[in-house]
Amino acid sequence: MTEDTLAQARDVGRYTAKGRATRTRIVEAAAGLMFESGVSGTSIEDVLGKASASASQLYHYFDDKHALVRAVIAFQTDATLDLQRPLLDRLDSVAALQEWCDLHIAIQISRNLRGGCPIGSLASELADADPESRADLADGFARWGAPIRAGLSTMQARGELQSDVSPAALATALMAALQGGLLLAQTQRDIAPLRDALTVMMDYIRSLQVTDP
């Protein structure tokens, strides 16, 4: 985590249980609205209405919309990773990686191909406009990619993946296929781009497996 993210976590710990619940309700409301309408399309008034909160409550926890957006990034990162667990923490086989791919396809079908990636959607809007938010989003993607890289490294250490392959590069390529596939599937309202992108990457990973002579 970045130093700023750690500071945010420490701040949350200062609140009472009731205060944390109120803060969480505001962040969840903001996250839902921003996922549907984007950051620029979501006003503080929209958040207050959905969260059934007052302006004084919101500004007790957040100095401004920028601070709220950063809290939404942290929330969406945690929610996105939690949705993939426990699978995300045991990606040390081709079968597990395939199951992870299938999970993302199922998630998008359940959402009717709307919204795309909660983190990616925020990144497309904020990465060039807000350096602090960009750093938070980069940290979120790094947290997401770490268990993929770890799983591939474990496969390589067991002799199941060719020794000259870079687990880090493979993990990045798999994440890129996921993000690009999500964007195309969302735009075209068709699951095929996501399924095809992940299938091509999984076929490539299979081709790098070490087979008995």
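The numbers attached to residues start from 1 for each chain and follow its sequence in the written order. Only residues with pLDDT of at least 70 are given local features in this predicted model, and only at 80 or more are side-chain atom pairs given and counted; all residues enter the totals for whole chains, interfaces and linings. The side-chain quantities take in all heavy atoms of the structure and omit both hydrogens and water.

(A) Main features of the state of the cysteines. In this description, a disulfide is simply a cysteine sulfur pair whose atoms lie within 2.5 Å. The final tally for this structure, using the stated rule, is zero disulfides. For the unlinked cysteine Cys101, the closest cysteine sulfur is that of Cys117, found at 14 Å.

(B) Structural detail: the environment of Ala135. Helix and strand assignments come from DSSP, with helices taken as H or I runs of at least 4 residues and strands as E runs of at least 2, each series counted from the N terminus. Structurally, Ala135 is set in helix α8 (residues 131-157). Note on classification: 1.4 Å probe, protein chains only; a residue is buried when its accessible area is under 20% of the maximum for its type, exposed when over 50%, partly exposed between these limits. Given the relative accessible area of 26%, Ala135 is considered partly exposed. Separated by twelve residues in the primary sequence, Ala135 and Ala123 place their C-alpha atoms 10.0 Å from one another.

(C) Summary view of the packing of aromatic side chains. Aromatic rings from Phe, Tyr and Trp, with only the six-membered ring used for Trp, were paired whenever their centres fell within 6.5 Å, and each pair was classed as stacked if the ring planes differed by under 30 degrees, edge-to-face if by over 60, and tilted otherwise. Summed over all chains, the structure comprises one aromatic pair. An angle of 5 degrees between the planes, with centres 6.2 Å apart, marks the rings of Phe141 and Trp144 as stacked. Separated by three residues within a single helix, Phe141 and Trp144 lie in helix α8, roughly one turn from each other. With a relative accessible area of 23%, Phe141 lands in the partly exposed category. A relative accessible area of 1% places Trp144 in the buried class.

(D) Seen up close, the nonpolar core. Buried residues of nine kinds, namely Ala, Val, Leu, Ile, Met, Phe, Trp, Tyr and Cys, make up a nonpolar core once their side-chain atoms join them within 4.5 Å. Membership of the largest hydrophobic core comes to 59 residues, with the highest contact counts inside it found for Ile26, Leu68, Leu97, Trp100, Trp144, Ile148 and Leu174. The element that contributes the greatest number of residues to this core is helix α9 (residues 167-188), accounting for eight residues. With residues near it in sequence (within four places) discarded, Ile148 still touches Leu91, Leu97, Trp100, Ala171, Leu174 and Met175. Should any heavy atoms of two residues lie within 4.5 Å, those residues are counted as being in contact.

(E) Seen up close, the pattern of salt bridges. One side-chain nitrogen of Lys or Arg within 4 Å of one carboxyl oxygen of Asp or Glu is enough to make a salt bridge. With the rule as written, the count across this model stands at eight salt bridges. As a salt-bridge pair, Asp92 and Arg158 come within 3.4 Å of each other at their nearest N and O atoms. Residue Asp92 is located in the loop between α5 (65-83) and α6 (94-110), and its partner Arg158 is located in the loop between α8 and α9; the two are separated by 66 residues in the primary sequence. Among the salt bridges present, the one from Arg158 reaches Glu160, with a minimum N-O distance of 2.8 Å. Classification of Arg158 by relative accessible area gives partly exposed; the value is 41%. According to the relative accessible area criterion, Glu160 is partly exposed, its value standing at 30%.

(F) Molecular detail of the confidence of the model for the chain. Residues at a pLDDT of 70 or more form 92% of the chain, whose mean pLDDT is 92. Each residue carries a pLDDT score, the predictor's confidence in it, ranging from 0 to 100. Per-element confidence in the chain is highest for helix α10 (residues 192-207), whose mean pLDDT is 98, and lowest for helix α1 (residues 3-13), whose mean pLDDT is 54.

(G) Main features of α5. Between its first and last C-alpha, α5 extends 26 Å over 19 residues, near the 27 Å set by a 1.5 Å rise per residue. For α5, the full list of buried residues reads Leu68, Val69, Arg70, Ala71, Val72, Ile73, Gln76, Thr77, Thr80 and Leu81. What qualifies as a polar contact is a pair of N or O atoms within 3.5 Å, subject to a donor-acceptor requirement within protein and to the restriction that residues adjacent in sequence count only when both atoms come from side chains. At the N-terminal boundary of α5, the capping side chain belongs to Asp64, with an oxygen 3.3 Å from the backbone nitrogen of His66. The span you would expect from a helix comes to 1.5 Å times its residue count less one.

(H) Structural view of the environment of Ala176. Structurally, the position occupied by Ala176 is in helix α9. Separated by 52 residues in the primary sequence, Ala176 and Ser124 have C-alpha atoms spaced 14 Å apart.

(I) Up close: the packing of α6 against α8. As a packed pair, α6 and α8 sit with axes 10 Å apart at the nearest point and diverge in direction by 155 degrees. Our classification of the angle between α6 and α8 gives roughly antiparallel. Between α6 and α8, the contacting residues are Val94, Leu97, Trp100 and His104 on the first element and Trp144, Ile148, Leu152 and Met155 on the second. Broken down by class, the residue content of the contact of α6 with α8 amounts to seven nonpolar, one polar and no charged. To get an axis, a line is fitted to the C-alpha atoms, and for a helix only the part in contact is used. The angle between two axes follows their N-to-C directions and goes from 0 to 180 degrees. Reported orientations rely on four angle classes, namely roughly parallel under 35 degrees, roughly antiparallel over 145, roughly perpendicular from 65 to 115, and oblique for the rest. Classes in brief: Ala, Val, Leu, Ile, Met, Phe, Trp, Tyr, Cys and Pro nonpolar; Asp, Glu, Lys and Arg charged; the others, Gly included, polar.

(J) Here's a closer look at unusual backbone geometry. Cis rather than trans, the peptide bond between Arg85 and Pro86 has omega equal to 5 degrees. Tracing the backbone through its elements, the reader meets Pro86 in the loop between α5 and α6. With a phi angle near 55 degrees, Ser52 is a residue other than glycine that sits in the positive phi range. Here Ser52 shows up in the loop between α3 (44-51) and α4 (55-61). We classify Ser52 as exposed; its relative accessible area is 61%. One non-glycine residue with positive phi stands out, namely Arg189, at about 55 degrees.

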